[in-house]
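Below are the chains, spelled out letter by letter.
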Amino acid sequence: MRSNFFTSIWIYGAGVFLLLGMALRQPALSILALLTLLTAGGSWLWSRRSLDGVVYERTLSATRVFRGESIVLTASVVNRKWLPLPWLEVEDQISDRVKVRERETLPSARPGMTLLRITTSVRWFERVTWTFHLDCPERGAYVIGPPSLRSGDLFGFFSREERRTDQCRFIVYPRVVPLEDLGLPALHPFGERRVPHHLITDPARTIGIRDYRPEDSFRFIHWKATARMQEVQVKVFEPTVSVHLGVFLCLDTFERYWEGVDYQRAESAIVAAASIAAHGLEQRYLVGMYANGVLAGSDQALRIPAGRGPDQLTAILEGLAKLTPLAATNFPRLLRQEARRFPWGSTVVVVAALMTTALANELAALLAAGHRVVLVCIGEVEPPPLPGLVVHTLPENLLGATPGHRYVHTIDLGVSRP
C-alpha cells in the first residue's frame, strides 16, 4: 500500500503537535493534530480494505475466430462487501495487434502489449460491466491479462494495488480462401488425372501377380515369376482408398536467416497452406501439415500427422495460428524426414516463397520415390525444371488487403534492404 499524501513526517508531526497542544492547553492545536491522525488512520484503513472482496471477471464471445473477425470482450467488477470504492482503476494487458474499438489503449512496459485502462466507482455489493469489441486483423494466439487493480480511500491519500494472475486466451485463425480465388484449379489442383479406377495401390503391400499390360510400369515387373512362366508378369498391390496429402510450409523468405523475414510473403504462404489443407479435408484426403516455423510458446516446429478426423482441420488451423514466421529448423531436412512417412503415390504440396538448391534436390528425390509433388510458389520464385513437378504461382499478397508498406524485419548487421 502506498501513500500519495501522508508521509511519516506528517504522522510523527501530528503526534508531537497533539502532545504539545495538550501540554500547553491549546485545544485548537490538539484538535487539528487529532483530526490529522484520524484522517490518516481512517484513510489508511479504508485503502487497506479497498480491494478485499473485489472480483474482476472477463468473458469472450468466442475463443476461435478467423482473421478479420471481431470478438466481444465483456469485463465486469463486483464489490462483495459493505465498504464502497470511491474510485477503482483496472489495467488489463492486451496485445498491440488487437484493436479495441471503444477505447484508446495505452503503452505497456511489456513488449508487444498495450494497456486497456478502466476507471470507475463501485458501491457496496454492486457490479459494473463494460463491453468492448476487439478487432482481430492478424492471425495469432493471444492472451488478455494479467490485470492489475488499484483503489484507495475517498480522498486519495492512500492507494492499494494488486496484480492478479488470471488470463483469458483466444486464437485467430489464418485466412482460408477457396482455391479458385487463389488462382488454383478447383477441379484438379494437384495435377490429378482421370483414371479408369478409383483406388490407388500401395507397392509396399504385394498380394499377387498378373499378366503384363501396356500401361504397366517396368518397375513393377516380377522378374522371377516372368522367368518361371515364360510370360511377363507384374505385381498386384493391395488397393487402398486413402489418399495422403502432405502440406509442407516453408517460411524462409531470404537465403540467409539474419536478413530477416518478409512478413507479407510469409503470411501469404500461411494463407495458401491453410486453404490447401481445408480443400484436401473437404475432398476426404488424409491431410498432414508441417512447417519449419516455431510455435508460439514452444521451441518446436509445426508437425501435424496426416488424418481426416473431425478435429483435423481445427488442429491444423490452430497450429498455423500459433506459428511464428521465424524458421526453427532447416526446411529441406524437415521435408526429407517427414515425407518419408507418406506411402508411395501420396501427394506432397510444398508452399514456398524461396527456392534453393537443397530444396530443389529434395523435390527431385520425392518425384523419384513415386510421390506426386506440387510446388506452390509465393511471388516470383524460379521453380526447378523437374519432369513431373506440378507448379502453381500465387501472388505474394494473399492477406485480403494491400498493406501500406512492406513489413520486413531484419537484424542490423550493416546490411540495408528497401
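The structure presented is a predicted model; accordingly, all values stated were derived computationally and were not measured.

**Describing the sheet that holds strand 9 (residues 127-135)**
Move 1: Sheet architecture is open: four strands sit in the order 2-4-9-6, paired in antiparallel fashion. Lying at the two open borders of the sheet, with one neighbouring strand each, are strand 2 (54-60) and strand 6 (99-100).
Move 2: By the bridge criterion, nine bridges tie strand 4 (residues 70-79) to strand 9 in an arrangement that is antiparallel. Among the inter-strand pairings, T74 is bridged to a residue of strand 9, identified as T131.

**Structural notes on the packing of helix 5 (residues 263-282) against helix 6 (residues 312-321)**
Move 1: Close contact between helix 5 and helix 6 brings their axes to 10 Å; oriented N to C, the two are set at 175 degrees. Judged by the angle between their axes, helix 5 and helix 6 are roughly antiparallel. Packed against helix 5, whose contacting residues are I270, A273, A274, A277, A278 and L281, the element helix 6 presents Q312, L313, I316, L317 and L320 at the interface.
Move 2: Of the residues belonging to the contact of helix 5 with helix 6, the class tally is ten nonpolar, one polar and no charged.

**What about helix 8 (residues 357-368)?**
Owing to its 3.6 residues per turn, the α-helix brings residues three or four apart onto one side.
Move 1: The first and last C-alpha atoms of helix 8 sit 17 Å apart over twelve residues, in line with the 16 Å expected at 1.5 Å per residue.
Move 2: Where helix 8 is buried, its residues contact helix 7 (331-339), strand 21 (347-352) and strand 22 (372-378).
Move 3: Residue G370 follows helix 8 closely and has a positive phi angle near 95 degrees.

**Here's the deal with the packing of aromatic side chains**
Move 1: A complete count under the given rule lists eight aromatic pairs for this structure.
Move 2: Seen from their ring centres, F155 and F157 are 5.5 Å apart, and the 25 degrees between their planes marks the pair as stacked.
Move 3: Look at F155 and you get exposed, because its relative accessible area is 56%.
Move 4: Feature note: the residues F248, Y290 and F342 constitute an aromatic cluster, connected by ring pairs.

**Focus on the sheet that holds strand 13 (residues 168-173)**
Pairing between sheet strands relies on hydrogen bonds along the backbone, with the strands arranged either parallel or antiparallel.
Move 1: Ordered by their spatial adjacency, three strands build an open sheet running 3-13-10, and the pairing between neighbours is mixed. Each edge of the sheet is formed by a strand with only one pairing partner; in this case those strands are strand 3 (64-66) and strand 10 (140-144). Neighbour-to-neighbour, the strand axes of this sheet turn through a mean angle of 25 degrees, independent of strand direction.
Move 2: Relative to strand 13, strand 3 runs parallel, the two being bridged by three bridges. Looking at strand 13, one finds that V65 is bridged to V172.

**Description of the packing of helix 7 against helix 8**
Move 1: Between helix 7 and helix 8, the shortest axis-to-axis distance is 9 Å and the interhelical angle comes to 15 degrees. The angle between the axes of helix 7 and helix 8 places the two elements in the roughly parallel class. The crossing of helix 7 and helix 8 is left-handed. For the pair helix 7 and helix 8, contact is made by F331, P332, L335, R336 and A339 and by A358, L359, E362, L363 and L366, respectively.
Move 2: Here the residues of the contact of helix 7 with helix 8 sort into eight nonpolar, no polar and two charged.

**Side note on the confidence of the model for the protein chain**
The predicted coordinates should not be examined in detail at positions where pLDDT is low.
Move 1: Per-residue pLDDT for the protein chain averages 84, and the proportion of residues at 70 or more is 83%.
Move 2: Every residue in residues 193-199 scores below 50 in pLDDT, and together they form four contacts with partners more than four places removed in sequence or on other chains.
Move 3: Of the regions scoring below 50 in pLDDT, residues 409-418 engages in twelve contacts with residues more than four places distant in sequence or in other chains.

**Here's the deal with unusual backbone geometry**
Move 1: The omega torsion of the bond from G145 to P146 falls at 0 degrees, within 30 degrees of zero and hence cis.
Move 2: Position of P146 among the secondary structure elements: in the loop between strand 10 and strand 11 (148-152).
Move 3: A positive phi angle, close to 50 degrees, is found at F125, a residue other than glycine.
Move 4: Checked against the element boundaries, F125 lands in the loop between strand 8 (113-122) and strand 9.
Move 5: For Q230, which is not glycine, the phi torsion reads 60 degrees and is therefore positive.
Move 6: Residue position: Q230 is located in the loop between helix 4 (223-229) and strand 15 (233-240).
Move 7: For Q230, a relative accessible area of 66% translates into the label exposed.

**A word on a nonpolar patch on the surface**
Move 1: On the surface, a nonpolar cluster with roughly 300 Å² of combined accessible area is contributed by I31, L35 and L38.
Move 2: Tracing the backbone through its elements, the reader meets L35 in helix 2 (residues 27-49).

**A word on helix 6**
Move 1: The element helix 6 is largely enclosed, with a buried count of seven among its ten residues.
Move 2: Within the span of helix 6, buried status applies to Q312, I316, L317, E318, G319, L320 and A321.

**A word on the pairing of strand 18 (residues 286-295)**
Move 1: In terms of burial, strand 18 is largely enclosed, as ten of its ten residues are buried.
Move 2: Across five bridges, the pairing between strand 18 and strand 19 (residues 301-307) is antiparallel. In the strand pairing of strand 19, V287 is matched with G307.
Move 3: Adjacent in sequence and paired antiparallel, strand 18 and strand 19 are bridged by five residues, among which G297 carries a positive phi angle near 80 degrees.
Move 4: In this sheet, strand 20 (residues 323-327) lies alongside strand 18 in antiparallel orientation, the contact comprising two bridges. If you follow L295 over to strand 20, its bridge partner there is L323.

Definitions and limits used
- Residues numbered from 1 in each chain as written.
- Predicted model: local features only at pLDDT ≥ 70, side-chain atom pairs only at ≥ 80, totals over all residues.
- Heavy atoms only, no water.
- Pairing = 2+ DSSP bridges.
- Helix = DSSP H or I, 4+ residues; strand = E, 2+ residues; numbered from the N terminus.
- Axes fitted to C-alpha atoms, helices over the stretch in contact; angles between N-to-C directions.
- Parallel < 35°, antiparallel > 145°, perpendicular 65-115°, else oblique.
- Contact = heavy atoms within 4.5 Å.
- Nonpolar A, V, L, I, M, F, W, Y, C, P; charged D, E, K, R; others polar.
- Expected span 1.5 Å × (residues − 1).
- Phe/Tyr/Trp six-rings, centres within 6.5 Å; stacked < 30°, edge-to-face > 60°.
- Buried < 20%, exposed > 50% of the residue type's maximum accessible area, 1.4 Å probe, protein only.
- Left-handed = near helix turned anticlockwise from the far one by under 90°.
- pLDDT = per-residue confidence, 0-100.
- Patch = residues over 30% accessible without salt bridge, like charges linked within 9 Å, V, L, I, M, F, W, Y side chains within 5 Å.
- Areas by Shrake-Rupley, 256 points an atom, 1.4 Å probe, with all protein chains shown as cover.
- Salt bridge = Lys/Arg side-chain N within 4 Å of Asp/Glu carboxyl O.

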